[in-house]
Amino acid sequence: HHLDRRRPSDPTRFIDTMAAVAFTPVSIQASAARPRATVRGARAVRAVSGLGSSAALAPRPSVMRALGLGVAPRTGARSADLAVRAMADEEKDDKGAGVKQLLGIRGGERTDDIWKIRLQLTKPVTWVPLIWGVMCGAAASGHYTWTPENIGKAMLCMFMSGPLLTGYTQTINDWEDREIDAINEPDRPIPSGAISEFDVQVQIYVLLFGGWACAWTLDQWCEHDFPIVTALTLFGSWISYIYSAPPLKLKQEGWRGNYALGASYIALPWWAGQAVFGELSLDVMVMTVLYSIAGLGIAIVNDFKSIEGDRQMGLMSLPVAFGVEKAKWICVGSIDATQLAVAGYLRAIGEVGYSNMLLALIFPQIFFQFKFFLPDPIKNDVKYQASAQPFLVFGLLTTGLAWGHHINAIGA
């Protein structure tokens with residue numbers, strides 16, 4: 001369900017859009033990716049170079065005053081202070097690198113722990129949009145109540161959509177990109193040999209079959225006449241495969257790859273959540289498919305930084321095909337027009353309050369587009385995502401709540 005677009009146009013970037021940007025701690029987003037070749041011995045050298053000078057060992061100013069000798073220059077003290085700060089920054093970098101490794105974000109430290117490596121391959125930071133989509137679908141069903149049974153169903157559906165099937169998608173994406181990673185990112189787990197190819201293949205099948213088993217369990221638990229959750233899972237797994245693997249490998253194409261990515265993060269988990277707690281109707285399916293056009297725009301945001309590489313490899317991303325100026329307007333236009341159309345539709349079916357709430361969440365996105373993205377989409381893409389995407393994901397939840405309220409109103 002949950003597609004990763006790192007190579008050639010970077011798969012983790014899109015979730016850095018929908019999830020990492022919206023939900024990852026700011027300290028992780030803002031930290032620069034530094035080479036991990038630094039060793040603790042280097043820190044010690046820097047510390048000694050700052051503290052071992054004669055100036056650094058100068059008597060304290062209070063002692064100098066007491067002896068009537070005046071106050072020595074504070075150069076040594078400043079050097080010591082800078083050295084201590086540098087060491088503290090290095091420690092923070094180490095902690096941040098460890099978190100990045102576990103979340104599957106670039107700049108993470110290397111590890112020999114096989115279970116940490118397995119977790120890294122599933123890229124936990126990319127689970128969040130799928131889990132959020134299940135929540136939106138449950139809200140849209142109009143029948144979710146906070147009972148132990150419903151909480152259990154929701155947790156199982158989230159586990160299926162996030163750790164299992166998103167994990168499957170991310171792992172198979174890395175597996176299919178192992179040869180290009182050996183050139184571009186040789187330190188990644190598979191090309192570096194940190195995990196064997198056999199272990200990777202085992203992980204792919206365990207996650208895939210585990211997701212299918214969860215889907216079948218949910219269908220039985222919900223007493224579905226037709227195994228709708230299983231059908232959605234099979235369809236999403238197929239999309240994940242053709243996105244990453246030849247001969248189709250949709251990630252190499254502009255429009256189709258971006259839309260497949262957006263739909264998988266918006267429509268599919270929504271459908272699963274709504275199918276578990278209610279009925280999945282054609283009208284809501286059409287609405288979420290159209291809403292996925294906003295996901296297309298979000299995916300385009302991540303293409304601007306890879307223009308040169310895409311052009312060299314012959315990949316027709318939108319910035320390559322249309323140029324930066326046209327592509328940036330296509331990007332924001334698809335995001336804004338989709339949400340405005342949904343707000344208009346909610347108003348048309350009588351959900352005026354929710355429509356106004358959605359509009360209130362759209363306008364800040366437009367503001368940040370003009371403040372950050374449109375002036376320089378290459379330089380400011382992360383700033384824009386960090387600022388605007390939280391409003392978009394809460395707009396999704398608002399739409400789900402509106403649809404659930406509408407379903408209950410019709411039933412009444």
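The structure this text deals with has already been given above.
Residues numbered from 1 in each chain as written. Predicted model: local features only at pLDDT ≥ 70, side-chain atom pairs only at ≥ 80, totals over all residues. Heavy atoms only, no water.

Participant: Just to check I follow, could you spell out the overall build of the chain for this structure?
Facilitator: The secondary structure content of the chain amounts to 18 helices and zero strands. Considering the chain as a whole, with its 412 residues, one finds that 50% of them fall into the buried category. (Helix = DSSP H or I, 4+ residues; strand = E, 2+ residues; numbered from the N terminus. Buried < 20%, exposed > 50% of the residue type's maximum accessible area, 1.4 Å probe, protein only.)

Participant: In this structure, what is going on with the packing of aromatic side chains? I would like to understand it.
Facilitator: Working definition: an aromatic ring pair is given by the centre-to-centre distance plus the angle between the planes. Summed over the entire model, instances satisfying the criterion amount to 13 aromatic pairs. On the basis of an interplanar angle of 55 degrees and a centroid distance of 5.4 Å, the ring pair of Phe209 and Trp212 is categorised as tilted. In this pair, Phe209 and Trp212 are both assigned in helix α11 (residues 197-221), three residues apart and thus about one turn of the helix distant. Linked through ring pairs, Phe367, Phe368, Phe372 and Phe391 together constitute an aromatic cluster. (Phe/Tyr/Trp six-rings, centres within 6.5 Å; stacked < 30°, edge-to-face > 60°.)

Participant: In this structure, what is going on with the environment of Trp175? I would like to understand it.
Facilitator: One can find Trp175 in helix α8 (residues 148-176). The exposure class of Trp175 is buried, given its relative accessible area of 11%. Remark: the alpha-carbon pair of Trp175 and Glu197, spanning 22 residues in sequence, is separated by 8.3 Å. Leaving out residues up to four positions away in the same chain, Trp175 has contacts with Ile190, Glu197, Val200, Gln201 and Ile204. (Contact = heavy atoms within 4.5 Å.)

Participant: What's the story with the nonpolar core in this structure? I'm lost.
Facilitator: It is characteristic of soluble globular proteins that their nonpolar side chains tend to be buried jointly. With 43 residues, the main nonpolar core has Trp270, Tyr291, Leu358, Phe373, Tyr384, Leu392 and Leu396 as its most contacted residues. When contributions to this core are tallied by element, the ones reaching two or more residues are α7 (128-141), α13 (255-277), α14 (282-301), α16 (318-348), α17 (352-373) and α18 (381-411). Tallying contributions element by element places α16 first for this core, with nine residues. One finds Ala138, Leu164, Leu207 and Val276 within the second-largest nonpolar core, a separate group that totals 29 residues. (Core = buried A, V, L, I, M, F, W, Y, C linked by side-chain atoms within 4.5 Å.)

Participant: I would appreciate a short explanation of a nonpolar patch on the surface in the present structure.
Facilitator: A cluster of nonpolar residues, Trp146, Ile151 and Met155, forms a patch on the protein surface that exposes about 390 Å² of accessible area. Considering the arrangement of structural elements, one finds Trp146 in the loop between α7 and α8. Taking relative accessible area as the criterion, Trp146 reaches 72% and is therefore assigned exposed. (Patch = residues over 30% accessible without salt bridge, like charges linked within 9 Å, V, L, I, M, F, W, Y side chains within 5 Å. Areas by Shrake-Rupley, 256 points an atom, 1.4 Å probe, with all protein chains shown as cover. Salt bridge = Lys/Arg side-chain N within 4 Å of Asp/Glu carboxyl O.)

Participant: Got a minute to help me understand the environment of Phe394 in this structure?
Facilitator: For Phe394, the position within the fold is in helix α18. Taking relative accessible area as the criterion, Phe394 reaches 41% and is therefore assigned partly exposed. Through-space distance from the C-alpha of Phe394 to that of Trp132 is 9.4 Å; in sequence the pair is 262 residues apart. Ignoring anything within four residues of it in the chain, the contact list for Phe394 reads Trp132 and Leu361.

Participant: Please clarify how the side chain of Asp177 should be interpreted in this entry.
Facilitator: Of note, Asp177 is situated in the loop between α8 and α9 (178-184). Within the structure, the side chain of Asp177 is placed 2.6 Å from the side chain of Lys251, a separation counted as a polar contact. (Polar contact = N/O pair within 3.5 Å; in protein donor to acceptor, adjacent residues only side chain to side chain.)

Participant: Got a minute to help me understand the side chain of Gln369 in this structure?
Facilitator: For Gln369, the location among the structural elements is in helix α17. Owing to a relative accessible area of 1%, Gln369 belongs among the buried residues under this scheme. When near neighbours in sequence (up to four residues on either side) are disregarded, Gln369 contacts Val332, Ile335, Asp336, Leu374, Pro375 and Tyr384.

Participant: Is there a simple way to think about the packing of α8 against helix α12 (residues 228-244) in this case?
Facilitator: Working note: a packed helix pair is described by the angle between its axes plus the distance between those axes. Running from N to C, α8 and α12 point in directions that differ by 20 degrees, and their axes come no closer than 9 Å. One way to sum up the angle between α8 and α12 is to call them roughly parallel. α8 and α12 meet at a crossing whose hand is right-handed. Facing Met160, Leu165, Tyr168, Thr169, Ile172, Asn173 and Glu176 of α8, the residues of α12 in contact are Val229, Thr233, Ser237, Ser240, Tyr241, Tyr243 and Ser244. (Axes fitted to C-alpha atoms, helices over the stretch in contact; angles between N-to-C directions. Parallel < 35°, antiparallel > 145°, perpendicular 65-115°, else oblique. Left-handed = near helix turned anticlockwise from the far one by under 90°.)

Participant: Quick question: what am I supposed to make of the packing of α16 against α17 here?
Facilitator: Contact geometry for α16 and α17: axes closest at 8 Å, N-to-C directions at 170 degrees. Between α16 and α17, the angle falls in the class roughly antiparallel. Between α16 and α17 lies a crossing whose hand is left-handed. In contact with Lys328, Trp329, Cys331, Val332, Ile335, Asp336, Gln339, Leu340, Val342, Ala343, Leu346 and Arg347 of α16, α17 contributes Val352, Tyr354, Ser355, Asn356, Leu358, Leu359, Ile362, Gln365, Ile366, Gln369, Phe370 and Phe373. Looking at the contact of α16 with α17 residue by residue, the class counts come to 16 nonpolar, five polar and three charged. (Nonpolar A, V, L, I, M, F, W, Y, C, P; charged D, E, K, R; others polar.)

Participant: Could you clarify how one ought to interpret the pattern of salt bridges in this entry?
Facilitator: Counted by the stated rule, this structure contains nine salt bridges. A salt bridge links Glu185 to Arg188, with the shortest nitrogen-to-oxygen separation between them at 3.9 Å. Each of the two residues, Glu185 as well as Arg188, counts as buried. Within this structure, Lys123, Asp174, Asp181, Glu185 and Arg188 form a network of salt bridges that share partners.

Participant: Please explain α18 as it appears in this structure.
Facilitator: Here α18 is 31 residues long and its end C-alpha atoms lie 44 Å apart, about the 45 Å a rise of 1.5 Å per residue gives. Within α18, the axis deviates most sharply at Ala388, by approximately 40 degrees, and proline Pro390 lies no more than four positions further along. (Expected span 1.5 Å × (residues − 1). Bend = angle between axes of the 7 residues up to and from the residue.)

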